[in-house]
Amino acid sequence: MEKADTVLDVTQLEVRFRIEEGDLPAVNGVDFSLRRGSTLALVGESGCGKSVTSLAIMRLINPPGRIAGGSIRIQPSGRDTIDITALSEKDDLLYSVRCGMIGMIFQEPMTALSPVHTIGNQICEAILLHCNVNEKTAQERAIAMLDNVGISNAAQRMRQYPHELSGGLRQRVVIAMALAAEPEILIADEPTTALDVTIQAQILQLLKELQQKTGVSILFITHDLGVVAQVADDVAVMYMGRIAEYGPVRNVLKNPRHPYTRALLQSLPALHRRGERLASIPGRVPSLANVPEGCSFHPRCQYAEQKLCDIPPAPQLQQAAEEHSTACLRWQDVFAEKTQ
Amino acid sequence: MTQPTETAPLLEIKTLTKHFPVYRQGLVRREIGRVRAVDNVSFNLYPGETLGLVGESGCGKTTTGRTILRALTPSSGEVWFNSADTRTNLAGLESKQLKPLRRQMQMIFQDPFSSLNPRMTIGDIVGEPLRIHRMARGAVLRAQVAEMLHRVGLNPEHASRYPHAFSGGQRQRVGIARALVMRPQLVIADEAVSALDVSVQAQIINLLEELQTEFNLTLLFIAHDISVVRHMCDRIAVMYAGKIVELAKTDELFENPCHPYTRLLLSAVPLPDPDKKMHFPAKGQVVDLSRLPTGCAFHPRCIHCKENCRTYTPDLYDHEGRQVACHLYAEQDQF
């Protein structure tokens with residue numbers, strides 16, 4: 001992807017957790033870039049490192065975890081590039097990255113909101129911290145924000161507590177808070193996973209509209225390939241702390257060039273006829289304490305070749321098509337077989 | 001996976017209702033409202049079929065399942081269970097009378113982490129139903145447990161391990177083994193695959209389908225994931241606000257959803273194909289069961305809402321071989 005219009009650039013990011021079982025590589029050399037105004041989806045099963053990646057971008061990795069290598073650069077418009085990994089914990093810049101340049105939406109809106117403060121107080125707090133305005137303006141702006149995310153009777157809602165709202169409304173409040181400081185990047189970590197499907201559709205639609213209106217770039221973390229297809233421009237498929245495949249969403253989902261992506265798609269019930277056996281992936285994700293040598297997917301891969309896939313080093317992303325890369329050593333064979 | 005035709009139903013549910021009273025807090029307990037979790041639900045379940053029960057959270061699908069099994073006592077209604085030669089109304093039985101019937105109906109739960117006792121080994125967990133019903137003991141019990149564990153894809157040698165040593169998918173296999181070890185006729189699977197990652201979910205779905213054929217199980221499959229239900233089920237009942245709003249064969253339901261709520265629900269499912277964009281529903285939120293609107297509970301969200309819908313609750317009408325609870329399909333053409 002062109003560097004010129006990227007707003008977030010992650011290179012060789014490594015996050016490790018030192019625990020009893022060893023020094024576990026939760027994120028193990030991840031590269032991606034988020035183009036300005038676009039949506040990049042990080043997709044993968046639980047434990048693949050997608051949430052840890054997003055926390056690393058916010059510098060929210062706490063011991064026993066640490067960022068062990070690589071860089072995370074953000075490029076705010078009209079300002080110099082900032083390497084987030086290089087900032088000290090006390091740096092004012094880190095503060096403005098966390099509370100101004102990047103907004104974050106979490107999976108469970110109830111835990112992201114304070115149960116003892118009104119919605120209005122919580123949004124106003126965000127606005128007062130970020131923007132140099134007085135309380136009255138903050139109030140007005142908060143009402144406008146709630147209005148913006150599709151909450152009716154915003155002025156009345158300001159006085160309510162989170163428990164008085166439904167799950168969908170709570171998530172709208174969280175989105176309003178995340179966007180209160182007009183961030184350039186929005187990290188959405190499974191924002192619709194806890195919601196019903198009709199409400200999920202509303203929230204996805206809302207995010208899309210807000211992106212068109214404000215031009216915010218979105219890093220969307222999810223396990224749901226259906227959601228990816230609906231919201232993302234680009235997608236990075238993660239497996240065991242590495243990116244298996246990376247490219248524009250249409251290429252990756254329609255023409256997967258990594259056996260893991262293909263297997264994931266084939267295990268979706270939506271793509272099968274009724275009663276037909278689902279193509280499941282044999283075995284399960286190994287523990288991070290024993291990452292298989294070579295390609296970490298090879299023990300579960302139907303295309304794995306001895307003395308190729310099981311030999312270190314772990315395969316790096318290589319270009320498979322324009323803007324489309326895969327970490328499979330045998331992608332040419334796998335892909336050729338598919339077109340037959 | 002047989003289609004229901006002339007065969008007698010295994011389970012006949014007639015006007016099943018479960019209301020939870022809401023009490024005012026304080027010294028004097030006074031009922032101030034009711035949560036109508038299941039309201040006048042009727043359907044049949046035929047031997048060997050899989051009936052899906054879908055709907056959004058809080059629509060009463062789990063309560064329906066639990067009330068059928070008498071984990072909850074119904075407020076009113078009948079649940080007729082037809083086993084080999086006897087016909088019993090589960091809703092009217094005392095818990096002692098229920099015990100011999102319980103071995104014929106089992107449940108698989110959603111959360112493989114909270115549904116297994118962490119202080120019991122998986123061998124004890126799977127063997128417990130056999131012990132309670134005095135169906136086996138000693139070496140016979142151990143052999144049956146080992147066979148069942150093997151059948152669901154677990155290593156019988158691991159019977160002495162505790163649940164924490166297993167992954168989510170493996171725990172769900174333990175839950176399935178526990179439900180099937182007594183060879184029940186009826187299994188209610190309540191969101192049995194919802195908590196699993198997609199690759200593991202596919203393994204469990206395949207396993208359930210194999211076991212269904214092998215043991216000739218009748219499944220009531222409760223889920224919110226439409227694509228899983230579409231894959232698994234012969235017929236689907238869509239629930240909204242404690243009522244069944246549409247009941248049809250799976251293919252017919254997907255080809256031609258009749259109830260406006262079914263249409264809304266199906267259109268909101270994100271497909272894993274970037275060229276098939278979903279239609280985003282405009283407004284509305286999941287209904288609050290303690291403050292139901294008058295008339296059809298769906299009318300505030302419905303694009304076809306007419307004056308009638310605000311005042312009269314629609315019955316379940318027969319319409320082209322299916323049942324729909326919507327005034328649009330009333331026999332007398334009121335619209």
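Residues numbered from 1 in each chain as written. Chains lettered and ligands numbered in written order. Predicted model: local features only at pLDDT ≥ 70, side-chain atom pairs only at ≥ 80, totals over all residues. Heavy atoms only, no water.

Visitor: Now, about the overall build of chain B: what can you tell me, with residues and values included?
Guide: Per the secondary structure count, chain B includes ten helices and twelve strands. Against the compact-globule benchmark of 20 Å for 335 residues, chain B has a radius of gyration of 21 Å, which places it among compact chains. Summarising its shape, the C-alpha atoms of chain B cover approximately 70 × 60 × 50 Å along the three principal directions. Counting over 335 residues, chain B shows a buried share of 55%. For chain B, the proportion of contacts with a sequence separation of at least 24, taken over those separated by at least 6, is 66%. In chain B, 39 positive and 35 negative side-chain charges are present, and the distance between their average locations comes to 10 Å. (Helix = DSSP H or I, 4+ residues; strand = E, 2+ residues; numbered from the N terminus. Rg over C-alpha atoms; globule rule 2.2 N^0.38 Å. Buried < 20%, exposed > 50% of the residue type's maximum accessible area, 1.4 Å probe, protein only. Contact = heavy atoms within 4.5 Å. Lys, Arg positive; Asp, Glu negative; His and termini not counted. Charge placed at Lys NZ, Arg CZ, Asp CG, Glu CD.)

Visitor: I'd like a rundown of the sheet that holds strand β12 (residues 324–326) of chain A, residues and numbers included.
Guide: Residue and element names in this part refer to chain A. Pairing in this open sheet of eight strands is mixed, and the strands run β6-β7-β8-β3-β9-β10-β12-β11 from one edge to the other. Looking at which strands have only one partner, the edges of the open sheet turn out to be β6 (102–105) and β11 (318–321). Neighbour to neighbour, the strand axes of the sheet diverge by 20° on average, direction disregarded. Here strand β9 (residues 234–239) pairs with strand β10 (residues 242–248) via six bridges, running antiparallel. Bridging across to β10, aspartate 234 finds its partner in proline 248. Lying on the sheet, helix α1 (residues 50–57) is in contact with β3 (39–43), β6, β7 (185–189), β8 (217–222) and β9; it crosses β8 at an angle near 145°. (Pairing = 2+ DSSP bridges. Axes fitted to C-alpha atoms, helices over the stretch in contact; angles between N-to-C directions.)

Visitor: Which residues make up the nonpolar core, and what values go with them?
Guide: Within the largest apolar cluster, 110 residues are counted, with the highest numbers of intra-cluster contacts made by A:Leu146, A:Ile175, B:Ile176 and B:Phe221. Ignoring anything within four residues of it in the chain, the contact list for A:Ile175 reads A:Ile105, A:Val149, A:Ile203, A:Leu206, A:Leu207 and A:Leu210. Of all hydrophobic cores here, the second largest spans 63 residues; its members include A:Cys48, A:Ile187, A:Ala229 and A:Tyr239. (Core = buried A, V, L, I, M, F, W, Y, C linked by side-chain atoms within 4.5 Å.)

Visitor: Give me the pattern of salt bridges: which residues, what numbers.
Guide: Residue and element names in this part refer to chain B. With the rule as written, the count across this model stands at 27 salt bridges over all chains. We note a salt bridge from glutamate 49 to arginine 235, for which the minimum N-O separation is 2.8 Å. Taken together, the positions of glutamate 49 in the loop between β2 (31–45) and β3 (50–54) and arginine 235 in strand β9 (residues 235–240) put the pair 186 residues apart, joining distant regions of the chain. You can call arginine 235 buried: its relative accessible area is 11%. (Salt bridge = Lys/Arg side-chain N within 4 Å of Asp/Glu carboxyl O.)

Visitor: Can you tell me about the domain arrangement of chain A, naming the residues and giving the values?
Guide: Note on interface size: it is often stated as the accessible area lost on association of the parts. Here chain A is described as being made up of domain 1 (115–182) and domain 2 (254–339). Centre-to-centre separation of domain 1 of chain A and domain 2 of chain A, based on C-alpha positions: 44 Å. (Domains from an automatic or database assignment.)

Visitor: Describe the sheet that holds strand β1 (residues 6–19) of chain A, with residues and values.
Guide: Adjacent strands of a sheet pair through backbone hydrogen bonds, lying either parallel or antiparallel. Residue and element names in this part refer to chain A. The strand order across the open sheet built from four strands is β2-β1-β4-β5, with neighbouring strands paired in antiparallel fashion. The two strands at the open ends of the sheet, each matched to only one other strand, are β2 (22–35) and β5 (82–83). Where strand β4 (residues 65–74) and β5 come together, two bridges link them in antiparallel fashion. The partner of arginine 73 across the bridge, within β5, is aspartate 83.

Visitor: Can you lay out the interface of chain A and chain B for me, pointing to particular residues and giving the numbers?
Guide: With 44 residues of chain A at the contact, the number on the chain B side is 46 residues. Interface area for chain A against chain B, summed over the two sides, is near 3700 Å², with a carbon-plus-sulfur share of 54%. The interface formed by chain A and chain B holds four salt bridges in total. For A:Arg277, the salt bridge identified is with B:Glu210, shortest N-O distance 2.7 Å. Inspection of the chain A/chain B interface yields 15 residue pairs in polar contact (both at pLDDT 80 or more). Broken down by secondary-structure element, the contributors of at least two residues to the side of chain A that touches chain B are α8 (197–214), α9 (225–231) and α10 (249–254) of chain A. (Buried area = accessible area lost by both parts, 1.4 Å probe. Polar contact = N/O pair within 3.5 Å; in protein donor to acceptor, adjacent residues only side chain to side chain.)

Visitor: Outline the environment of B:Gly58, listing residues and values.
Guide: Relative to the helices and strands, B:Gly58 is located in the loop between β3 and α1 (61–68). For the pair B:Gly58 and B:Val38, spaced 20 residues apart in sequence, the C-alpha to C-alpha distance is 10 Å.

Visitor: So what's going on with the packing of aromatic side chains? Which residues, and what values?
Guide: Per the stated rule, a full pass over the model turns up six aromatic pairs over all chains. Seen from their ring centres, A:Tyr239 and A:Tyr260 are 4.6 Å apart, and the 50° between their planes marks the pair as tilted. Taken together, the positions of A:Tyr239 in strand β9 and A:Tyr260 in helix α11 (residues 259–266) put the pair 21 residues apart, joining distant regions of the chain. For A:Tyr239, a relative accessible area of 4% corresponds to the buried category. Judged by its relative accessible area of 1%, A:Tyr260 is buried. Geometrically, the ring pair formed by A:Tyr260 and A:Phe297 is edge-to-face, given 5.1 Å between the ring centres and 65° between the ring planes. Residue A:Tyr260 is located in helix α11, and its partner A:Phe297 is located in the loop between α11 and β11; the two are separated by 37 residues in the primary sequence. Using a relative accessible area of 3% as the deciding quantity, one classes A:Phe297 as buried. Every member of this aromatic cluster is reached through a ring pair, and the members are A:Tyr239, A:Tyr260 and A:Phe297. Positioned above the aromatic ring of B:Trp80, the side-chain terminus of B:Arg87 is 4.4 Å from the ring centre. (Phe/Tyr/Trp six-rings, centres within 6.5 Å; stacked < 30°, edge-to-face > 60°. Lys NZ or Arg CZ within 6 Å of the ring centre and 35° of its normal.)

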